[in-house]
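Listed below are the residues making up each chain.
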Amino acid sequence: MEAGRQHNGVTKVNTIESQKQINNNVDESSGVTGSHTLIAVKSSSDNHLDPDVSQAASMMSTPVHRPGEPDGDDSSSMNLEEETPIDDSEFNIPPLDFEPTLESILNDLDVDSLSEEDALAGPTQEFSDIAIQQLGGIPESSDTVSIVSKGSSDNRSRSSSRSCRPKSTITNTKKPNSILRHVVLKAITSQINSATEKINAGTATAMCLGSFVAIGTSHGFVIVFDVLQAVKWCLGDTEHRESGGSVSSLTINSNGNRLLVGYAKGLILMYDLTNGKLIRNIPDAHAAATAVLTLRFTDLPDLALCGDSGGSVFELNFKRTIGLRSCVSRCIFSGSRGEVCSFEPLLLSTVSDNPLSKFVLVAFATLSKIIVVMIRPKLKVLFTHTLICDLTTLPLVCWQMVIIQTTLNEKIVDPVLSFARHNTIAFYQTTLDSKSSVQFLPLRSVTVGYSLLNMHWLNARTLALVDVKETLRILDVRSQEELERVDLSATRLVYSSSHYKGLATGGNVSKAFALAGERACYNSVLCHNNQIIVLGTRSVHALTMRLWHERLDYLVRQHHYVDAIQLGYELYVEKAKAVLGLKGSKDSKRLIVRDKLLYILDRYVDRIPLLNFMDDLSTARQRYHDVISTCVNYYALLDHQDPIFEKIYDFCADNPFSKSAYLESLEPFLLNDQLSHMPPIIVKDFVTHYDEIENYRALEACIVHFNIASLDIHQTMKLCWTQGLYDAIIYIFNQGMGDYLTPLEELMTELISAISAEVRLTDSQVVLGNKILVYISCCLAGRAYPFGNIAKNLVEKVQTDIFQIITALHSRNSTENEQSYPYLRTFLHFDTREFLNVMSLSFEEPIFQSELGKRQKQRIVDILLQVMVEQGNFTTTQVGILFTFIAQQMAKSDSSLFVSKLLFEQVLEHLTSGNETCRIDERQEALMELLQAGGFQHFEHDKILQKCLKAKFYRVCELLYERKNEYPQIIECYLLDEARKHQVFSFLHKIFCLIPQKKEIFQSKVMDHLEELIEIDNKKCAQVVYLHLGNLIPDLVKSLDSKSNSQYSFLQGVFYTREQNQNNIQVDVSTTENYITLMCHFNPQLVYPFLKTIESYRNEKMLQVCGKHKLVDAMVYLLEKDDRLNDAFQLMMDQFQCKLKLIFEDIEKLAMESSSFQTVLSSITWNQLQAIFLVMIQFSQRNSPKLPPDEKEKLWLPLLQLLIAAHNKFQSREDISTSFNEMNKHLLGSMMGHVSLPTIVEVYLNNPSYQTATFGEIRELITGMLETCTYEEIMVDLVKKITQSDVHDKMKVKLNSVRKGISARNYNCLECQSNIVDFSDDEAELVVFQCGHSYHLKCCHRKGIKSCPQCSPLSVIPCVTSVKELDISYRAPREHKSSFTLNDELDYFDSQENPEGYISQAEFELKLDVPFKINLKEF
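Residues numbered from 1 in each chain as written. Predicted model: local features only at pLDDT ≥ 70, side-chain atom pairs only at ≥ 80, totals over all residues. Heavy atoms only, no water.

Colleague: Would you mind going over the overall build of the chain in detail, with residue names and values included?
Modeller: Each helix and strand in the chain was counted, giving 51 helices and 33 strands. Within the chain, buried positions represent 49% of all 1419 residues. Within the chain, residue pairs in contact and separated by at least 24 positions form 60% of the contacts whose partners lie at least 6 positions apart. Carbon and sulfur atoms provide 50% of the accessible area of the chain, an area that totals close to 70300 Å². (Helix = DSSP H or I, 4+ residues; strand = E, 2+ residues; numbered from the N terminus. Buried < 20%, exposed > 50% of the residue type's maximum accessible area, 1.4 Å probe, protein only. Contact = heavy atoms within 4.5 Å. Areas by Shrake-Rupley, 256 points an atom, 1.4 Å probe, with all protein chains shown as cover.)

Colleague: Describe the sheet that holds strand β13 (residues 303–308), naming the residues involved and giving the relevant values.
Modeller: Pairing is antiparallel across the open sheet formed by four strands, whose spatial order is β12-β13-β14-β15. The outermost strands of the open sheet, each flanked by one partner alone, are β12 (292–297) and β15 (324–333). Averaged over all pairs of adjacent strands, the angle between their axes in this sheet comes to 25°, without regard to strand direction. In this sheet, β13 lies alongside β12 in antiparallel orientation, the contact comprising five bridges. (Pairing = 2+ DSSP bridges. Axes fitted to C-alpha atoms, helices over the stretch in contact; angles between N-to-C directions.)

Colleague: Describe in detail the sheet that holds strand β17 (residues 360–366), supporting the description with residues and values.
Modeller: The strands that make up a sheet are held in pairs by hydrogen bonds between backbone atoms, and each pair lies either parallel or antiparallel. Strand order in the open sheet formed by four strands is β16-β17-β18-β19, and the pairing between neighbours is antiparallel. The outermost strands of the open sheet, each flanked by one partner alone, are β16 (340–345) and β19 (380–386). The sheet shows a mean angle of 20° between the axes of neighbouring strands, direction not considered. In this structure, β17 lies alongside strand β18 (residues 369–376), joined through six bridges in antiparallel fashion. Its bridge partner lying in β18, Phe364 is registered against Ile371.

Colleague: Break down the confidence of the model for the chain for me, with residues and values.
Modeller: On average, residues of the chain score 77 in pLDDT, and 78% of them reach the 70 mark or higher. Ignoring residues within four places in sequence, the model shows residues 1–84, a span with pLDDT below 50, making 142 contacts including any to other chains. Scored below 50 in pLDDT, residues 1353–1419 makes 124 contacts in the model with residues more than four places away or belonging to other chains. (pLDDT = per-residue confidence, 0-100.)

Colleague: Break down the packing of helix α10 (residues 548–557) against helix α12 (residues 586–606) for me, with residues and values.
Modeller: Remark: α10 packs on α12, axes separated minimally by 12 Å, with the N-to-C direction vectors making an angle of 5°. Taken together, the axis directions place α10 and α12 in an arrangement best described as roughly parallel. Only Ile592, Val593, Lys596, Ile600 and Arg603 of α12 make contact with α10, whose side of the interface consists of Trp548, His549, Leu552, Asp553 and Val556. (Parallel < 35°, antiparallel > 145°, perpendicular 65-115°, else oblique.)

Colleague: Help me get a handle on the nonpolar core, residues and values and all.
Modeller: If you look at the biggest cluster of nonpolar residues, it comprises 240 residues, and the most contacted ones within it are Tyr662, Leu666, Ile776, Phe835 and Phe1136. Of the residues forming this core, the biggest block, 11 residues, is contributed by helix α42 (residues 1125–1153). Discounting chain neighbours no more than four positions away, the residues touching Phe835 are Leu773, Ile776, Ile806, Leu824, Phe827, Leu828 and Leu864. In terms of nonpolar packing, the next biggest core, distinct from the first, is built from 30 residues, Met455, Leu463, Tyr500 and Tyr522 among them. (Core = buried A, V, L, I, M, F, W, Y, C linked by side-chain atoms within 4.5 Å.)

Colleague: An account of the side chain of Glu1120 is requested, with residue identities and associated values reported.
Modeller: Relative to the helices and strands, Glu1120 resides in helix α41 (residues 1112–1121). There is a polar contact of 3.1 Å between the side chain of Glu1120 and the side chain of Asn1183. Sequence-distant contacts of Glu1120, defined by excluding residues within four places in its chain, comprise Leu1125, Ala1128, Phe1179, Arg1182 and Asn1183. (Polar contact = N/O pair within 3.5 Å; in protein donor to acceptor, adjacent residues only side chain to side chain.)

Colleague: Break down the packing of helix α20 (residues 726–737) against helix α21 (residues 742–756) for me, citing the residues and quoting the values.
Modeller: Packing of α20 against α21 leaves a shortest axis separation of 9 Å and a crossing angle of 155°. By the angle class used here, α20 and α21 are roughly antiparallel. In contact with Tyr726, Ile730, Phe733 and Asn734 of α20, α21 contributes Thr742, Pro743, Leu747 and Glu750.

Colleague: Can you explain α41? Please cite residues and give values.
Modeller: Among the 10 residues of α41, seven are classified as buried, and the element is accordingly described as predominantly covered. Three or more residues of α41 are buried, namely Ala1114, Met1115, Val1116, Tyr1117, Leu1118, Leu1119 and Glu1120. Of the residues trailing α41, Asp1123 is marked for its positive phi of about 65°.

Colleague: Talk me through the pairing of strand β10 (residues 268–272); I want residue IDs and the actual numbers.
Modeller: Strand residues, when the strand is regular, have side chains that alternate between the two faces of the sheet. Burial analysis of β10 places five of its five residues in the buried class, which makes it a mostly covered element. In β10, alternate side chains face the same way, and those of Ile268, Met270 and Asp272 on one face and Leu269 and Tyr271 on the other are all buried. Relative to β10, strand β9 (residues 258–263) is paired through five bridges, and the arrangement is antiparallel. By the bridge assignment for β10, Leu259 is matched with Tyr271. The hairpin turn running from β9 into β10, its antiparallel successor, is four residues long, and Gly266 in that turn takes a positive phi close to 105°. Where β10 and strand β11 (residues 277–282) come together, five bridges link them in antiparallel fashion. Following the sheet pairing, Asp272 is matched in β11 by Lys277. Hairpin geometry of β10 and β11 is characterised by an intervening segment of four residues between the two adjacent antiparallel strands and by a positive phi of about 75° at Gly276.

Colleague: Run through the pattern of salt bridges, naming residues and quoting values.
Modeller: Taken as a whole, this structure holds 33 salt bridges when the rule is applied. Asp476 serves as the salt-bridge partner of Arg461, at 3.7 Å between the closest nitrogen and oxygen. Note that Arg461 is positioned in the loop between β24 (452–459) and β25 (462–467) and Asp476 in strand β26 (residues 471–476), a separation of 15 residues in sequence. Since its relative accessible area comes to 30%, Arg461 is described here as partly exposed. For Asp476, a relative accessible area of 0% gives the class buried. Residues Lys577 and Glu481 are paired through a salt bridge, measuring 3.4 Å at the closest nitrogen-oxygen approach. Taken together, the residues span a long stretch of sequence, with Lys577 in the loop between α11 (561–572) and α12 and Glu481 in strand β27 (residues 481–487) at a distance of 96 residues. Taking the relative accessible area as the measure of exposure, Glu481 reaches 38% and is therefore partly exposed. Each of the salt bridges in this network shares a partner with another, and the network as a whole consists of Asp467, Arg473, Glu482 and Arg485. (Salt bridge = Lys/Arg side-chain N within 4 Å of Asp/Glu carboxyl O.)

Colleague: Please give an account of the environment of Leu1337 that cites residues and values.
Modeller: For Leu1337, the location among the structural elements is in helix α50 (residues 1337–1343). Among the residues examined, Leu1337 registers a relative accessible area of 7% and is labelled buried. Once the C-alpha coordinates of Leu1337 and Leu1326 are considered, the two residues, 11 residues apart in sequence, prove to be 5.0 Å apart.

Colleague: Give a detailed account of the packing of aromatic side chains, specifying residues and quantitative values.
Modeller: The final tally for this structure, using the stated rule, is 31 aromatic pairs. Centroid distance Phe297 to Phe318: 6.4 Å. Interplanar angle 45°. Geometry classified as tilted. Of this pair, Phe297 sits in strand β12 while Phe318 sits in strand β14 (residues 313–321), placing them 21 residues apart in sequence. Seen in terms of ring centroids, Tyr775 and Tyr785 are 5.9 Å apart; in terms of plane orientation they differ by 85°. Their pairing is edge-to-face. Taken together, the positions of Tyr775 in helix α22 (residues 763–781) and Tyr785 in the loop between α22 and α23 (792–806) put the pair 10 residues apart, joining distant regions of the chain. Per residue, the accessibility class of Tyr775 equals that of Tyr785, and both read buried. Grouping aromatic residues by their ring pairs yields a cluster made of Tyr1048, Phe1055, Tyr1075, Phe1082 and Phe1090. Residue placement shows Arg473 over the ring face of Tyr450; its charged tip is 4.0 Å from the ring centre. (Phe/Tyr/Trp six-rings, centres within 6.5 Å; stacked < 30°, edge-to-face > 60°. Lys NZ or Arg CZ within 6 Å of the ring centre and 35° of its normal.)

Dropping the structure here:
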């Protein structure tokens, strides 16, 4: 290979001779000469290979075109040695279908590099000529779910794609990525790797896209490819490569004829891509010793932008004067104000009609902000947004034209600025306001669950995001749904971290910039025309969005039919995301998608026979059910039902599993009326199948949705009568025969038999009765059963016939023993209330509003009275329901019903009779309903009241008393009613508030029934009294003197209410003392807590009461409250000694029995002793600070001596001794600081047991005391240091305050208004406050001014000076008032030399009076 020959900055690279010969053969076979095209592409249809794959393979051997050098035909130089043919029979070589050519051998597919889609699909359709002209037309070499690069290991066996057989399963378990087609650009990859190996081009470092693909390398080369992946130019001479270093950034203008190349050492070159010549060398366009990180062209052909590693951005203005090209650069953003990591100009050349096209806008992404700057027509900052997030991530920014719907339902196309950092993405609409000013309107902010590495728009609704784990994610912007993800980790993504760290320029970048740029990939993941191009270290990858039909085809080829069908339906209803290529009107798009979806469904149905039904039964059924239900569902949704009943049924009819799944999958669609016209044969099979599996409830629900013409009436009716499918029976009679009476008569026969048996009805019989009630309700209302409406011409006839059946005197097949009105009687026995409700609703129908209808209503009422009242055999409740129904009907304004008043009297007597005491609630409820429905007009009030009181119908009595406004009597009704007595308090609150004029009457009632109210709920009773009768509390308490239990309960409620109302209730002392006395008797354990919460009692009297009941804790509290501490302590001491004595007795008893002493330590007495011990310690600690030393010892030493004695007594018993020792330690620790250590030591030494003790026996005591002493010494030192530190800080503040000066704000004394500058009096003194206000000192003395009257009380102590030193500033300490005069020896400043009249700070401090001089060392 020859390398190094250079011409105009273009390096010529020759491939090996054999590659050249192969290429020429290919050209000749294609009929295209090498002088007209770089590479010829053959479809290879004769060998069944993918033309794109074969084209990519041939590109791998493409020679590099050298500008100015003709393409010669080197075929004459190829010499092939003839060889003797091999005998096929000798080597057992099978015959071939065709004779392979050299080209077919070179282009033969390597299955290891094929994706699953390629292996299954075989040849793919060739790209159109238009697509070839775009980057989107780059032929794919392999369509993969995960990255497949050349040379990657693959364990799959090598086989031709022709040998691939269809899989036995319909659906794969793993869903493929259908949105993106992932291909490895083999030709580009091969040429890059070849250049790396043969001309030492280095590894790829940067890339740019446009009309060409340009890739820069680490050794300064730039290789340019056209859209067919053929090498166009190899750029970069030796001089520029050495001076520039590695390529760090590239950009191609919109016309595709200019290429800007930036290098790591700061060099910028411009090439003409039409001839590959270098036209501009720009070495000093930006700051020296900085790398070029970003290059971008704008819409203006003579303007580009450059960003360097210093964080600055420069504009590059290209000029050409008299044939000489030049470049003028200008810094438009300095890195000192924030380092720019990346920027993107807004390109509007394709939408020139947009109003923003007259501006040149650029979005800068700095480490801390997003800044949008207008460059043309003038430089101006338009927008800033702060970024707060992870410092290790780089900011991302990009633009996209998006259709935005306004509030006026208008759609506009505006550019949207999107920027991101870490895991947050923001979107801003860019538009012009009414004043033609650029505005940025926030649209939304999206937070994702990963850190972002790169971001690009695929289309107006779809974002492509790359996270730090090198996973590409497709995000739908509107729904924020992640649609797809692709792992890019195997691409070995190229990062520009070395450029961001400035390694080629000496590392002269900031630490923050270097840290954030660790994973910079701005120039290695690019997007162009719905494609993402990824630059890896050894390969180049393209991820292209598939067109909508390609996505469907791809899913079908992968046997993901369900996903394909679901996607197709989403396209049909316009809910799909990441859609590309679907254009036209709404109807035309739906039609196109519908045809495609039906085609996929037909293919899916064709694969039903391929299902493997040899698996276990449950799996086979489930697989058939899933497939068939999916097909049926989508055929129904598309309103294309013929394949459901023809093609699918034919496939499933012969297989029991598939037929079962098919029939069961129809059920949900039948219930939704989506399959109303089924063929009779399928309906018959459906009924038979559900009969076999005994799923009768589902069958009944489906039958009522069948077209009656499709049913086998005989088969269905026989099954329905056998299994009790009453809904289906009614439906077939009504819809099939137009008969509404027969099903009612037939079903009533069964219900009459069940009722006449006089046994509890079964569940099925109850269901039958309820269905009949619903049926007659529907018929009388003109509605069909179970849904729909009766034909209008039949409504009146059906209503009349049903009414006649209900009121029929006898049934059709009556017997001699049959009672009259059997149907009506059966309904009443089954459910009286619901039947009468049905009749009440039917009476509202128009048929009953005519004169004939009103007579019919009167007739049925007469029949009801005859059946239920005269003939009897009905319960009281049922009769009450009847009369309630009648009363409701009679209460209506248009009622014409007549009922004898005597009947109402009989009903009242029946309901209030005491014969049925067990059903009193039901009888009372029936009478209540009757009266509330309008029955009052049929009774005498006094008579009803008497009967109700006798029958204990207190709710009815309450209703009657309320009508007569006798509210006090209602209180007695509540008290007498056991079920509602607790509601009396709510009623009392209500009447006290609503009827205040009768308060005295209610008050007397409360006093009369006070004991009953207290017994019901003492707290609620006290609450009522407090809220409405607060002044009567003492009287009410006194009235209960004879009944102490009730009195205590009432007072307990009063004080509870007082506590809940934050002590707003005023209770006198006598009442409180009375309550405490009662509490000592009933709940003595509550006395002590109560005493602590209240103050309204006399201590002496309560001491006597508590002493009488021996409540030691309460007595101690009262004595402590009276400062009788010794008495209180003695009480606790006596109690402690008593418990201790009991402990001693228990120990001696256990010692005699030789039992374990652990029983004592876990006993109640021991726990009580411990509790008293802790209370005594708390008492002593609480009161010791206010006692003299000798009194303190009286609180601590007796207890200490007692514990020492107890410890010594049981010193031989380890468990007991240890427990007392722990108590002793606790006591010693608590008394430290209250009792002197010598006194404690003296107590121990005076104890006889310690007088002869060894050091080991008192070691714990001594060490404990020493530890306490050490601890206290440490605490004293610590407090001393803290105090000294605080004093030092305060003195430091005061010293700083002294050194600061203040100046006078006024020239006249604010008191006497005379000029403060009076040089006639050299000794005149002034007072200048910190606020700046000044006074004469004599004026301050005369008026007694100590703080500024103008600012008081906020002013501080003033400083005083003489007239000569008026302008000297001095702030005195706040705690002192200073009055001083500078000595006469101080030279007066001459006005010319020192016009301000100031002296130095050092001189000023020297002239201070002694009290204000501070020696820091002494401090």
